[in-house]
Amino acid sequence: MKSERPRQLSTAEERRETVLRTAIGAFAARGYWGTTTSEVAKAAGISQAYVYRLFPNKELLFTAVVEHCFVQVRAGLERAAADAEGSAPEVVLKAMGDAYARLISDNDLMLIQLHAQAAAVSEPAVREAVRRGYARLVEYVRASGGTRAQVQEFFARGMLCHLIVSMGADEVDAPWTRTLAAGIRHY
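Residues numbered from 1 in each chain as written. Predicted model: local features only at pLDDT ≥ 70, side-chain atom pairs only at ≥ 80, totals over all residues. Heavy atoms only, no water.

Student: Got a minute to help me understand the pattern of salt bridges in this structure?
Tutor: Side chains that differ in sign of charge can pair as their charged atoms come close. For the structure on display, the rule yields seven salt bridges. Of the charged contacts in the structure, one is a salt bridge between Arg 178 and Asp 173, with a shortest N-O distance of 2.4 Å. (Salt bridge = Lys/Arg side-chain N within 4 Å of Asp/Glu carboxyl O.)

Here it is, written out as structure tokens:
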């Protein structure tokens, strides 16, 4: 006779994390406008009503996903800064840039960033989440000791990395792709 283990219920926080992880994949695949909360609920194995109990509307679910992704980016930059082979701003910024290039090789993370930027154009709550996320990242990168121009270049190169990776520029051998990708490392 096999012993039955009592069913262990998930806490609301565990369910929230499950929904968040599931929503990342859903929003990455179809964007803010193309994803429904019922799709997220089905993929998470819970009811849509329970999704709404955890996140009262789709906008709050998406902004939680955006904020989660910014936290992931920040953590990656922090690890890179801590592991940098020196403390000069150039060395730290290079290490963080390399870490960011690795981070966006995770298509879901990159796609969430791209979808969030697109949705920010017309969705005020998303715009505010993107602003808050970038404000925290810029302040963190500024703490590297880099000049304003170095910090600006760091973010500009990150955006260029998005462009190169999202359009698969590395798959095209042409003068224009070599121009865009010169000095840009991606994984």
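Student: What's the story with the packing of aromatic side chains in this structure? I'm lost.
Tutor: Centre-to-centre distance and the angle between the planes together describe a pair of aromatic rings. Across all of its chains, the model carries six aromatic pairs by this definition. With centroids separated by 5.0 Å and ring planes inclined at 55°, the aromatic side chains of Tyr 32 and Phe 62 adopt a geometry described as tilted. Linking Tyr 32 in helix 1 (residues 12-34) with Phe 62 in helix 4 (residues 58-83), this pair joins segments that are 30 residues apart in sequence. Given a relative accessible area of 0%, Phe 62 falls into the buried group. Ring centres 5.3 Å apart and planes at 80° place the aromatic pair Phe 154 and Phe 155 in the edge-to-face group. Both residues of the pair, Phe 154 and Phe 155, count as buried. In textbook terms, an aromatic cluster arises when at least three aromatic residues are bridged by ring pairs, as seen for Phe 27, Tyr 32, Trp 33 and Phe 62. The side chain of Arg 15 reaches across the aromatic face of Tyr 50, ending 5.8 Å from its centre. (Phe/Tyr/Trp six-rings, centres within 6.5 Å; stacked < 30°, edge-to-face > 60°. Helix = DSSP H or I, 4+ residues; strand = E, 2+ residues; numbered from the N terminus. Buried < 20%, exposed > 50% of the residue type's maximum accessible area, 1.4 Å probe, protein only. Lys NZ or Arg CZ within 6 Å of the ring centre and 35° of its normal.)

Remember that the coordinates give geometry; whether it matters functionally is a separate question.
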